[in-house]
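# Report on the structure
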Number of protein chains: 2
Amino acid sequence: MPGVARIVTGEDIRKIIPVPYYGPAFHDQPILALEKVRFAGEPVAVALAVDPHVAETAAQTIVVEYDPLPAVFDEVEAVSSPVFVHDELKPAGTFADLKHLAGRRDTNVALDFHLRRGDADATFATADHVFEHTFRTPQQMHTPLEPHVCIADARNGSVTIHSSTQTPSFVRAEIARLLGWQENRVRVRTAFLGGGFGAKVYVKLEALAVALSLFASRPVKLALTMSEQFFMISKHASTFRIKSAVTNEGRITARRCEVFYNGGAYADIGPRVAQKSGFSAAGPYDIANVAIDSYEIYTNRPPAGALRGFGVPQLVWAYESHTDLIARGLGLDPVAFRRANLLRDGVPHATGTVMRDAGLAAVLDRIVARIGWDQAFDRTPRDQDGGTIKRGRGVAIGIKASISPTTSAAHLAIAADGSATLYCSTVDMGQGSTTALAQIAAEVLGVAAEAVNVVAPDTDVTPYDMGTLGSRSTFHMGHAVRLAAEDARAKLATLAAEAGVPEGSNLPIPEIFRRRYGMQAGTIIGSGSFIPSYAAPDPATGLTANATPFWMIGGSGAEVEIDTETGSVRVLRLVTVADAGTPVNPAIVETQISGAAVMQLGFTLLEAMEFTEGQLRNPSLADYRIPGIRDLPPRFEAEAVDATQTNGPYGAKGVGESGTFGVSPAIANAIEDAVGVRITELPITAEAVYRALRLAAGDSLAEA
Amino acid sequence: MPGVARIVTGEDIRKIIPVPYYGPAFHDQPILALEKVRFAGEPVAVALAVDPHVAETAAQTIVVEYDPLPAVFDEVEAVSSPVFVHDELKPAGTFADLKHLAGRRDTNVALDFHLRRGDADATFATADHVFEHTFRTPQQMHTPLEPHVCIADARNGSVTIHSSTQTPSFVRAEIARLLGWQENRVRVRTAFLGGGFGAKVYVKLEALAVALSLFASRPVKLALTMSEQFFMISKHASTFRIKSAVTNEGRITARRCEVFYNGGAYADIGPRVAQKSGFSAAGPYDIANVAIDSYEIYTNRPPAGALRGFGVPQLVWAYESHTDLIARGLGLDPVAFRRANLLRDGVPHATGTVMRDAGLAAVLDRIVARIGWDQAFDRTPRDQDGGTIKRGRGVAIGIKASISPTTSAAHLAIAADGSATLYCSTVDMGQGSTTALAQIAAEVLGVAAEAVNVVAPDTDVTPYDMGTLGSRSTFHMGHAVRLAAEDARAKLATLAAEAGVPEGSNLPIPEIFRRRYGMQAGTIIGSGSFIPSYAAPDPATGLTANATPFWMIGGSGAEVEIDTETGSVRVLRLVTVADAGTPVNPAIVETQISGAAVMQLGFTLLEAMEFTEGQLRNPSLADYRIPGIRDLPPRFEAEAVDATQTNGPYGAKGVGESGTFGVSPAIANAIEDAVGVRITELPITAEAVYRALRLAAGDSLAEA
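The following refers to the structure shown. Small disclaimer: the values here were computed from a predicted structure and weren't measured.

Our focus in this paragraph is empty space enclosed by the protein. A full pass over the atoms with the stated rule returns 12 cavities of 30 Å³ or more. By volume, the largest cavity is sized at about 140 Å³. Forming the boundary of the largest cavity are 18 residues, of which Arg172(A), Glu183(A), Tyr464(A), Ala415(B) and Thr523(B) lie nearest the centre. For the lining of the largest cavity, the elements supplying multiple residues, two or more each, are α5 (168-179) of chain A together with β17 (408-415) and β18 (420-424) of chain B.

Below is the structure:
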């Protein structure tokens, strides 16, 4: 076709990158499909052209002949299916603790995580009450409004990559590994992102863009359409079986959790989602006997990875729905039941880690207070005459560990005029990290935050950061920035001493430089690195004394209105509260909490990727609806509980995910409160509520 | 005119930059001419257009009405002229020692530097012999093959400048000063330069580009044509009166130097040229009584500034011509006369600084050995029958102080895979600094130089450097890089200790990071700053104990052939030798020496800016000839004398200018050796030699 430079296939790529597989957990994902295609939508060939419209037209004329193979799509079925997505598990990536899984055959289990504390089985055998439920969530989408985009220029023995990535340092290392180059020949630059939410962590388009640039010997740009985004990465569908032993007095004494995460065809970071969320599957409760099994499962679906909450919103949805079902079953007030079982500082978590700086009670108290839980509640609108509209209330609270142990580094330059420049690879994607990190540096230096210039991530310039993910930046990078600024401050004192300036003279910074260097000259560089202390889990039990450097705590209270004739759910009020430690920037923190809540509201009421035999039916924002301004509850409130994270930078902790935790179960709990039916699968559509109401009324749905 | 956005004048610029004057020595140069135009070719207005051809056409249609004012063009006349280029000297720039000059009225002297050692006058009064000569050089051009180019984007409260500058740190500070902004709002980026030679130091196009971008609210590009370069910056025309007292035995006992540098209409760095070269005007000789007066003079010519050698090639031209005239006058061998008077380590220089690590004798010895000075020399080519071709030989040697004290800073990052990235603002413009500095870092780290990636200067990224000028980078930045690498190496040892690695275990770097951070993670940042120790000169005498951290020594030997019928000069052989300390990269050093020699060959034989009443007659490479490959002598040799600069990084010193020193006087000395006439003004054209030959023969030139 005129204007087409060439067509590139996976086999072509293998000629220049002999082992063309990438991935953070396992090197399992081919840059373009090789031998077999594992999900409908997997890229198989590329048309290279100068004109993107020509490239698109050319790509559409490519005819691929597929030999159909058996496939498996459901995460629970895939555990025992004879169909294997991968013949053999590929080598593990950067995480040392996954290395033992490589080479496993005849399995779709990409990770099985097990935690055992006390003796759950024995406790169940003698329990006053046992409750067991299963909850499900569908595969869902990040849908950042800026889809993935990447430009790679691999010429002259080095490569520069401009990418919409949340993890520039990882991309650098992974591309260097694929090419067999040193990292300093790979430069990754990231501008302000139009949203990330976990979609843009680890390698996405970059490996393909680099390979194509090597073929083309010129820069290559890849930009996904909104529809193509659906096949890039998504949120795990999940199935969660949860079982609790409870005393007559309402104390939970044992819990068994089985979580199945549908990872799709390639692991991406899924195994770590299964592991890191897995160990918090028992929830924010003080339970002596816990057994958790958490599985990352390969299926023939588009890959799933990290999405705001890293698996925890799926867990909270299940365990906080379960909590209400227990309270209801025992005739207990759901808030009182929670309070009686809540973890408190000084008590060990299910992982064995002793709780510290976890404002669970404070968050629950604020939800209860704001929503007026203890006050009278009118279950039927006064102006509603037909009696078909019912109101209810619900609360839910969740907890998440930070991803740990992870490393952040930063450095800070002070110019001879006293102005400061901060270098770090934290990616600002709307969460306000640039502002918060400038504030931390400014606080140390005693200058205005506006005086600190923050350089955009550029791996040739800004030092290593594990990634902007898991609400880790304020805590980890905040510490690195603090250390860098403290180092710069100390070097400034040394400079003053060298210039003969007496201590405590309070000379302006430019004057110190001038005295030392005879003119306006010189730069001070302070640097800092941070990794929290961490104790590896016991291999036998999964227990650890130090599971996380800080806990994220969040919850919601919801008031809903159900039309019993149609099943339609209207959220009248959504109160979301999170423990933010001592917020660096209260305005940003509040926006983080409300942003997380509205995102989870979409996952609760609207969003699901719908498949027919592995074929995605709704890959567009026309058919896959995300919440807009009209979907917001009339009363939509966010609040940060002011607490102190003792080991945080200036008492701060991460809060980007906490607002997601409670939304789904609070709404489901409110629905049961209103109309007495329990929804166990997201999203909670009008149809689902209607079906539940009809079933509860004893109707045969076949007739309906 | 269609397509023209607007016309901008100096008055327009004053509306947004209230004091729109810039310059390193004095803030004397308006961004666009204000009130009066001080040289023919000064920019007076700008046409802004999207299409550069439209802008050019529009600029040509602008009609400017000038009121002629009296003018002065010659540097000696200007000293006593009643015509003043500036009504009042403007405030001094960054150099504290020029501040007392601001506000002077009724003078064209932008700097008068005086040095007094011993009693020259008394020595002259009782001298065996006194020799006095005057030498001149014309205004000449840097002519880097890439003319000045600058893009400024001043939007959103910050400005990014892409500029062909040798001094990104200075440009940042100066633009910040002009705008009244903090330096961290000004970003200056510099790609590999297509040559600099001093033309691109300090502010050139940048202030205008920034002002225009502020007007246009969009990026603005300014790119000079080769012809426009002639009005931007040039090499000082000079007049040098030199007088020596010599004993019957051939020892120089006193020297008086009067140097007049023609600085043109704006000072640029000229005052520092006059001062810093001035103190070495007495040459590389051990002279007990010295009186130096060096002047930077304003005239109505295009501005002059730094050009490879910072005034010293003009001085060596004069004092080494003078040396041969003395030797010839006393009937002494010029080499033996030099050897008898040469400065040696341990003896004080004219400035009072005791000589150290100055390989003067070694350089002279190598020139003499290579050129076969002590061997028979055939003054008439055998195959030349008419007898009109005469051959001669000459040598010359010069010395230069490094610009001091100046500051360089660097930092170095080690990534988790062990690869290193070096950050410094040294500008590579063909001199090979990137390679040499990578070598120094690699030497400290014990890795291959190829493994060190050097980031291009970018003031948002790379720390302060005084500038890439005056052959200072290998020494000053070399030390800063060494210190940064040593700091990184020490931090690596700390990291290893934190990871529990026993000392001396020789674990590969990536394994140290992996043990410390649990995966391939982290960055180490080492930083270093360097400024040499320095003693300010005594205000009364100009003497100092510590004039320079290292001496640059270079010289040449030349064999020439003169056609006595036409005066044409053919250089048969040019041997140039320099003291390079212990070269970091011998191949680069040799190229530096030969590059300097060929440049000075152009200044010696070809190049002069020709003026008629201040109007430049030859602003093009058609009319202003620079040496091409055919102008090279058939035997063109460069050699670095291997020595040790005790205080240099790995024993290295700067060498970029040393190759210029001896070329002009060696050729002039060879000409006198061949045909007995003395040329005292550059360039040495056939016409000049022909006139000298006719004058020597007693002919009236009016008749010829």
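Having seen the structure, we can now continue with the description.
Residues and elements named next belong to chain A. Contact pair helix α10 (residues 334-341) / helix α11 (residues 360-371): the axes reach a minimum separation of 11 Å and the direction vectors enclose 165°. Between α10 and α11, the interaxial angle falls into the category roughly antiparallel. For the pair α10 and α11, the sense of crossing is left-handed. The segment α10 lies against α11, with Val335, Arg338 and Arg339 engaging Leu364, Asp365 and Val368. Partitioning the contact of α10 with α11 into residue classes produces 3 nonpolar, no polar and 3 charged.

On to helix α5 (residues 168-179) of chain B, then. Across its 12 residues, α5(B) extends 16 Å between first and last C-alpha, which sits within 8% of the 16 Å expected from 1.5 Å per residue. For α5(B), a buried count of 11 out of 12 residues is recorded, marking the element as mostly surrounded by other parts of the structure. Those residues of α5(B) not exposed but buried are Pro168(B), Ser169(B), Phe170(B), Val171(B), Arg172(B), Ala173(B), Glu174(B), Ile175(B), Ala176(B), Leu178(B) and Leu179(B). Those residues of α5(B) that are buried lie in contact with β17 (408-415) of chain A together with β2 (21-22), β8 (158-163), β9 (186-189) and α6 (206-216) of chain B.

Residues and elements named next belong to chain B. If you walk across this open sheet you meet the 4 strands as β19-β18-β17-β20, and the pairing is mixed. Looking at strand neighbours, the two that pair on one side only are β19 (452-455) and β20 (523-530), the edges of this open sheet. This sheet shows a mean twist of 20° between the axes of neighbouring strands, independent of strand direction. Across 4 bridges, β18 lies against β19 in parallel orientation. If you follow Leu422 over to β19, its bridge partner there is Val454.

Residue and element names in this part refer to chain B. Strands sit in the order β16-β21-β22-β25 across an open sheet of 4 strands; the sheet is mixed. Of all the strands in the sheet, just β16 (389-401) and β25 (635-641) have a single pairing partner and so form its edges. Across the sheet, the mean angle separating the axes of adjacent strands is 15° when strand polarity is ignored. Relative to strand β22 (residues 569-579), strand β21 (residues 551-563) runs antiparallel, the two being bridged by 10 bridges. In the sheet register, Val560 faces β22, and the bridge partner there is Val571.

This paragraph deals with the pairing of strand β10 (residues 220-223) of chain A. All names here are of chain A. Burial along β10 is one-sided: the face carrying Val220 and Leu222 is buried and the face carrying Lys221 and Ala223 is not. Both strand β7 (residues 149-155) and β10 contribute to a ladder of 4 bridges, which runs antiparallel. Within the sheet, the bridge partner assigned to Ile151 lies in β10 and is Lys221.

After a rotation of 179° and a shift along the axis of 0.1 Å, chain B superposes on chain A with an RMSD of 0.1 Å. Seen this way, the second copy is the image of the first under a two-fold rotation axis. Nearest to the rotation axis, the C-alpha of Val461(B) is located 3.1 Å from it, this being the minimum over chain B. Interface residue correspondence from chain B to chain A reaches 100%, placing this contact among same-surface, isologous pairings.

Residues and elements named next belong to chain A. Tracing the sequence through the fold places Ser294 in strand β14 (residues 289-298). Looking at Ser294, its side chain comes within polar contact range of the main-chain oxygen of Ala274, at 2.7 Å. Excluding its chain neighbours within four sequence positions, the residues that come into contact with Ser294 are Leu111, Asp112, Phe113, Val259, Tyr261, Ala274 and Gly278.

Right, let's talk about the interface of chain B and chain A for a bit. On the side of chain A, 43 residues touch chain B, which itself brings 43 residues to the contact. For the interface between chain B and chain A, the tally reads 0 salt bridges. Our enumeration of links across chain B and chain A arrives at 21 residue pairs in polar contact (both at pLDDT 80 or more). Listing elements by their share of the side of chain B that touches chain A, those giving two or more residues are α5, β9, β17, β18, β19, α13 (473-498), α14 (509-517) and β20 of chain B. When residues of the side of chain B that touches chain A are assigned to their parent elements, the largest contribution, 4 residues, is made by β20(B). The residue makeup of the side of chain B that touches chain A, split by class, is 18 nonpolar, 16 polar and 9 charged.

Residue and element names in this part refer to chain B. Position of Lys200 relative to the elements: it lies in the loop between β9 and α6. For the pair Lys200 and Ala674, spaced 474 residues apart in sequence, the C-alpha to C-alpha distance is 39 Å. When residues no more than four places from it in sequence are discounted, the contact partners of Lys200 are Pro144, Glu146, Pro147, His148, Ser164, Thr165, Gln166, Thr167, Leu193, Gly194 and Gly195. Within the structure, Lys200 has its side chain in polar contact with the backbone oxygen of Glu146 (distance 2.6 Å).

So, how was this worked out
- Residues numbered from 1 in each chain as written.
- Chains lettered and ligands numbered in written order.
- Predicted model: local features only at pLDDT ≥ 70, side-chain atom pairs only at ≥ 80, totals over all residues.
- Heavy atoms only, no water.
- 1 Å grid on protein atoms, 1.4 Å probe; cavity = no way out; pocket = protein on both sides within 12 Å on 5 of 7 lines; lining within 4 Å.
- Points joined across faces, edges and corners; volume = space filled by probe spheres on them.
- Helix = DSSP H or I, 4+ residues; strand = E, 2+ residues; numbered from the N terminus.
- Axes fitted to C-alpha atoms, helices over the stretch in contact; angles between N-to-C directions.
- Parallel < 35°, antiparallel > 145°, perpendicular 65-115°, else oblique.
- Left-handed = near helix turned anticlockwise from the far one by under 90°.
- Contact = heavy atoms within 4.5 Å.
- Nonpolar A, V, L, I, M, F, W, Y, C, P; charged D, E, K, R; others polar.
- Expected span 1.5 Å × (residues − 1).
- Buried < 20%, exposed > 50% of the residue type's maximum accessible area, 1.4 Å probe, protein only.
- Pairing = 2+ DSSP bridges.
- Least-squares fit on C-alpha atoms with pLDDT ≥ 70 in both.
- Polar contact = N/O pair within 3.5 Å; in protein donor to acceptor, adjacent residues only side chain to side chain.
- Salt bridge = Lys/Arg side-chain N within 4 Å of Asp/Glu carboxyl O.

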